[in-house]
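Residues per chain, in single letters:
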Amino acid sequence: MDITVVIPLYNESESLPELTQWIERVMEENDFSYEIIFVDDGSTDDSYSVIRRLAKKNPNIKAIQFSRNYGKSPALHTGFRIAGGDVVITMDADLQDSPDEIPELYRMITEEGYDLVSGWKKKRYDPLSKTIPTKLFNATARKVSGIKNLHDFNCGLKAYRKAVVKNIEVYGDMHRYIPYLAKNAGFSKIGEKEVRHQARKYGHTKFGLDRFVNGYLDLGTLWFQTKFGVKPMHIFGLFGSIMFLIGFLAVLTVIILKIVSICNPEFHFYLTKSVYFYLSLAAMIMGLQFFLTGFVGELIIRNSAERNSYLISDKIE
Ligand code: UDP
Ligand code: MG
């Protein structure tokens, strides 16, 4: 099979027939063998019955229905598990992404050798309250992930080589960072294609402004996991050592001041009035906490199923 289109959706019943028709047309015009996997993320409207109807007419349509709303990332992840096409395309269900981009995305993966091609909505039809934070967010994501050529990490329209989607785990809200996840798994040929973007025709956006707060928090988590995921002591031990050093210097200062005040009755030194005394206490306690956190982290890693899983791309036997 050439192409799997994975479409996560939550309450998008009005868009589905039009979207399906459009994809079918593109696939037939280009002679692709394909499947469409709708993942209904617990819709409360009649999205799933619409999908049922569409699937009756076209045997290439498959669907999964979640029992409740889990989120876009779980929906993508579940679609990825059953995707069978050589190239997997993800696309939002709201008609903001154009299926006309599919043939070129397919070509970039199969002929130009990209592992992942992300859409870039250069001209967006979203409100300013969304486009400006998005710019900032993408700049940070580029810096942190080291994927310097992507303008639009969170574009719903993306194409992947099959191996990529089978080897990454999209969970929580991590769909925003799929290129970063792919890069961490060793799929580093990541490209971009300018795509047309349209204003939402039906329904409304499913993400509020909290997307930016959560987006930044997730980026921090991902960065931390990438760098110290299997060696937490390297970071906590460093902070702990710095704290202990500060504490040690402060204690030393306190001792010296005390000795000076004993030898020299003119010089008054009150332990509990000294800033160094409190500094030494605080620094020592914090240092200890950093070390304990590091040790606990190491114990957790020791028991983690992931601690020794490496993705092997080739073998000669
Ligand atoms: N979506 C989903 N589960 C959710 C929220 C959204 O499957 O909990 C789907 C939604 O139906 C759409 C896609 O994810 O197909 C992108 O959502 P939306 O268009 O609301 O995001 P935006 O375009 O505003 O970034
Ligand atoms: Mg949308």
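Every chain's residues receive numbers from 1 upward, in the order its sequence appears when written. Starting at A for chains and at 1 for ligands, labels are handed out in the order in which the entities are written. A pLDDT threshold of at least 70 governs which residues receive local features in this predicted model, and a stricter bar of 80 or more applies before side-chain atom pairs are shown or counted, although totals over entire chains, interfaces and linings include all residues. Each side-chain value is worked out from all heavy atoms of the structure, with water and hydrogens disregarded.

Looking at the overall build of the protein chain
Secondary structure elements follow DSSP: runs of H or I of four or more residues count as helices, runs of E of two or more count as strands, with numbering from the N terminus. Per the secondary structure count, the protein chain includes 10 helices and 7 strands. Only C-alpha atoms enter the radius of gyration; for comparison, a globular chain is expected to reach 2.2 Å times N to the power 0.38, where N is the number of residues. Whereas a compact globule of 317 residues would reach a radius of gyration of roughly 20 Å, the protein chain reaches 27 Å, over 25% beyond that. Oriented by its inertia axes, the alpha-carbon framework of the protein chain measures out at about 95 × 55 × 35 Å. Within the protein chain, the fraction of its 317 residues that count as buried is 45%. Note on contacts: a residue pair qualifies if any of its non-hydrogen atoms lie within 4.5 Å across the two residues. Counted over contacts in the protein chain with a minimum sequence separation of 6, partners at least 24 positions apart contribute 80%. The protein chains shown are the only cover counted for residues, whose accessible areas, like all others here, come from Shrake-Rupley with a 1.4 Å probe. Summed over all atoms, the accessible surface of the protein chain reaches about 17,200 Å², with 59% contributed by carbon and sulfur. Separation of charge centres in the protein chain, based on 39 positive and 36 negative side chains, amounts to 6 Å. Throughout this description, buried means an accessible area under 20% of the type-specific maximum (1.4 Å probe, protein chains only), exposed means over 50%, and partly exposed covers the range between. The charge count includes Lys and Arg as positive and Asp and Glu as negative, but it does not include His or the ends of the chains. A charge is said to be at NZ when it belongs to Lys, at CZ for Arg, at CG for Asp and at CD for Glu.

A word on the nonpolar core
Ile3 and Ile7 are the most contacted members of the largest nonpolar core, which has 35 residues in total. Only β1 (3–9), α1 (16–29), β2 (34–40), α2 (47–57), β4 (87–90) and α4 (102–110) provide two or more residues apiece to this core. With 6 residues, the top contributor of residues to this core is α1. Filtering out sequence-adjacent residues up to four positions away, Ile3 remains in contact with Met27, Phe32, Ser33, Tyr34, Glu35, Gly85, Val87, Ile89, Ile102 and Tyr106. The criterion is simple. A nonpolar core is a set of buried Ala, Val, Leu, Ile, Met, Phe, Trp, Tyr and Cys residues joined through side-chain atoms within 4.5 Å. Ranked by size, the runner-up nonpolar core spans 32 residues in total, among them Leu76, Ala141, Tyr177 and Ala182.

Topic: the packing of helix α9 (residues 233–263) against helix α10 (residues 275–302)
Inter-axis angles, ranging from 0 to 180 degrees, are taken between N-to-C directions of lines fitted to C-alpha atoms, where helices are fitted over the stretch in contact. Between α9 and α10, the least distance of the axes is 7 Å, while the angle of their chain directions is 160 degrees. Looking at the two axes, α9 sits roughly antiparallel to α10. Here α9 runs over α10; the crossing is left-handed. Of the residues belonging to the contact of α9 with α10, the class tally is 21 nonpolar, 9 polar and 1 charged. Should an angle lie under 35 degrees it is considered roughly parallel, over 145 roughly antiparallel, and from 65 to 115 roughly perpendicular; all remaining angles are considered oblique. In this scheme the crossing of two helices becomes right-handed for a clockwise turn of the near helix relative to the far one and left-handed for an anticlockwise turn of less than a right angle. Residues are sorted three ways: Asp, Glu, Lys and Arg are charged, Ala, Val, Leu, Ile, Met, Phe, Trp, Tyr, Cys and Pro are nonpolar, and all the rest, Gly among them, are polar.

Points about α2
Regarding α2, the residues found buried are Ser47, Tyr48, Val50, Ile51 and Leu54. Taken end-on, α2 shows its buried residues confined to a sector of 150 degrees, consistent with a single buried face. Set apart from the buried face of α2 by more than 90 degrees, the exposed residues are Arg52, Arg53 and Lys56. Each element contacted by the buried residues of α2 is listed here: β1, α1, β2 and β3 (61–65). This arc describes the spread of directions from the helix axis toward the C-beta atoms.

Regarding the coordination of the magnesium ion (ligand 2)
Coordinating donors are taken as N, O and S atoms within 2.8 Å of the metal, stretched to 3.2 Å for Na, K and Ca; because water is absent from the atoms, sites can appear incomplete. Distances from the magnesium ion (ligand 2) to its protein donors, namely Asp94 (OD) and Gln96 (OE1), fall within the range 1.9 Å. Assessed through its relative accessible area of 8%, Gln96 is described here as buried.

Re a nonpolar patch on the surface
Only residues whose relative accessible area exceeds 30% and that take part in no salt bridge are eligible for patches, with like-charged residues grouped when within 9 Å of each other and nonpolar side chains (Val, Leu, Ile, Met, Phe, Trp, Tyr) grouped when within 5 Å. For this document, the term salt bridge refers to a Lys or Arg side-chain nitrogen within 4 Å of an Asp or Glu carboxyl oxygen. On the surface, Leu238, Phe239, Ile242, Ile246, Val275, Tyr276 and Leu279 cluster together into a nonpolar patch covering about 610 Å² of accessible area. Elements represented by at least two residues in the nonpolar patch include exactly α9 and α10. Here the nonpolar patch gets 4 residues from one element, more than from any other, and that element is α9. One can find Phe239 in helix α9.

Digging into unusual backbone geometry
Positive phi, close to 60 degrees, is recorded for Asp31, a residue that is not glycine. Considering the arrangement of structural elements, one finds Asp31 in the loop between α1 and β2. According to the relative accessible area criterion, Asp31 is exposed, its value standing at 69%.

A closer look at the pairing of β4
Here β4 shows a buried face lined by Val87 and Ile89 and a second buried face lined by Val88 and Thr90. Criterion used throughout: strands pair if DSSP finds at least two bridges between them. Here β1 runs beside β4; their pairing, made up of 4 bridges, is parallel. By the bridge assignment for β4, Thr4 is matched with Val88. Pairing of β4 with strand β6 (residues 158–161), which is carried by 4 bridges, proceeds in the antiparallel orientation. Bridge pairing in β6 links Ile89 to Ala159.

Some remarks on the site of ligand 1
What surrounds ligand 1 is a group of 18 residues, the closest being Glu12, Asp41, Asp94, Thr205 and Lys206. Whenever a nitrogen or oxygen atom comes within 3.5 Å of another N or O atom, the pair is scored as a polar contact, on the condition that within protein one atom can donate a hydrogen and the other can accept it, and that pairs from neighbouring residues in sequence are kept only if both atoms are in side chains. Within the backbone of Tyr10, a nitrogen or oxygen atom sits 2.8 Å from an oxygen atom of ligand 1. In the model, an oxygen atom of ligand 1 is placed 3.1 Å from a nitrogen or oxygen of the Asn69 side chain. The fraction of the free accessible surface of ligand 1 (530 Å²) that becomes covered by protein chains is 94%. Any residue with a non-hydrogen atom lying within 4 Å of a molecule or strand is treated as near it.

Worth remembering: the numbers are spatial, not functional.
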